[in-house]
Amino acid sequence: MSLAIRRAFTDLPVGQVHHAACGDPSAPAVLLLHQSPRSWREYAAVLPRLGRHWHAIAMDTAGFGDSAAGAGPASIEQYARVALALVDALQLPRVHVVGHHTGGVVAVELAALAPARVASLVLSSTPFTDAAFRQARAERPPIDEVPPSTDGSHLMALWERRQGFYPPDRPELLEAFVRDALAVADPEAGHRAVAAYRMEDRIGLLTQPVCILRATADTFAAPHAQEWMHHLPTATLVEIEGGMVPLPDQMPEAFAAAVHGFLSRLAA
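This report concerns the structure included in the present document.

Conventions used here
Residues numbered from 1 in each chain as written. Predicted model: local features only at pLDDT ≥ 70, side-chain atom pairs only at ≥ 80, totals over all residues. Heavy atoms only, no water. Pairing = 2+ DSSP bridges. Helix = DSSP H or I, 4+ residues; strand = E, 2+ residues; numbered from the N terminus. Right-handed = clockwise from strand over helix to strand, strands pointing away. Buried < 20%, exposed > 50% of the residue type's maximum accessible area, 1.4 Å probe, protein only. Phe/Tyr/Trp six-rings, centres within 6.5 Å; stacked < 30°, edge-to-face > 60°. Salt bridge = Lys/Arg side-chain N within 4 Å of Asp/Glu carboxyl O.

Sheet analysis places strand β7 (residues 210-215) next to strand β8 (residues 236-240), joined by five bridges and oriented parallel. Along β8, the bridge assignment pairs Cys211 with Thr236. Once you follow β7 into helix α8 (residues 224-231) and on to β8, the crossover reads as right-handed.

Residue Pro37 is bonded to the preceding Ser36 through a cis peptide linkage, with omega at -5 degrees. Along the chain, Pro37 turns up in the loop between β3 (29-33) and α1 (47-50). Unusually for a residue other than glycine, His101 sits at a positive phi of about 55 degrees. Tracing the chain through its elements places His101 in the loop between β5 (95-100) and α3 (102-113). The class for His101 is buried, based on a relative accessible area of 8%. Backbone geometry places Ser125, a non-glycine residue, at a positive phi of 50 degrees. With respect to the helices, strands and loops of the structure, Ser125 is situated in the loop between β6 (118-124) and α4 (131-138).

Here we come to the packing of aromatic side chains. Taken as a whole, this structure holds five aromatic pairs when the rule is applied. Summarising the aromatic geometry, the rings of Tyr43 and Phe255 are spaced 6.0 Å apart at their centres and angled 45 degrees between planes, so their arrangement reads as tilted. Here Phe255 lies in helix α10 (residues 252-267) and Tyr43 lies in the loop between β3 and α1, a separation of 212 residues in the sequence. Its relative accessible area of 0% is what places Phe255 among the buried residues. Between Phe133 and Phe220 the ring centres are 6.5 Å apart and the planes differ by 70 degrees, which places this aromatic pair in the edge-to-face class. Taken together, the residues Phe133 in helix α4 and Phe220 in the loop between β7 and α8 connect sequence positions 87 residues apart. Phe133 sits in the buried class, given a relative accessible area of 9%.

Now for the pattern of salt bridges. A complete count under the given rule lists 13 salt bridges for this structure. In this structure, Asp144 engages Arg162 in a salt bridge whose closest nitrogen and oxygen atoms are separated by 2.7 Å. Within this pair, whereas Asp144 is found in the loop between α4 and α5 (153-163), its partner Arg162 is found in helix α5, the two being separated by 18 residues in sequence. With a relative accessible area of 1%, Asp144 lands in the buried category. The network of salt bridges with shared partners includes Arg134, Arg198, Glu200 and Asp201.

In structure tokens form, the structure reads like this:
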């Protein structure tokens, strides 16, 4: 029997921030951070699986899903500050933090910003955003920025931009991405924030146990796993065969099992 997902809004300085939760609130908390320009729904099938053992919480990053963006330019630092404000508002002394793609970058900043509040990190398909990464991103066109059209052809363009990174036999996954992308004012904001983040200045502050999840068929992120293991040689590396960009909702059982296995070993 699937556990119920509870959804709520919390008033924070940026405005109302939305999250979804599953599991016993007295259990250790696991905060799940999504990729851009997705929402908590990326973890909709993961939450009940993790909720069997943990207090699993998937938030909408500031400016995405149903969360307010607040004033000022988007940045990884701002996303992390809002995440910490939510942790404070929910009165969670410590959280395990799981981040996928952009969410993983936010998780790194959150762990560096508030090390006493972050018990561990699971970095799923997370890019390592050093100078070489920033230069490469500066030379590439925007990822999800598609000019609107009067005939709706921009919807097909948005679909086609992502199609090669999604399983060809799972159109519902790409539909979920398009719905989330259309729901935000600036679907490219998260990508710009990642491209500007100086991870090399922050990674030395990480003291928590780290698990690197490598989705083997994610051609964008899979190569970064080697960089992560170079910088964090004591990290645990877990590979999920066949995983692509939408890993949490593509393979929720494997994703949840990897997270639960890592956290359980820490608790043993």
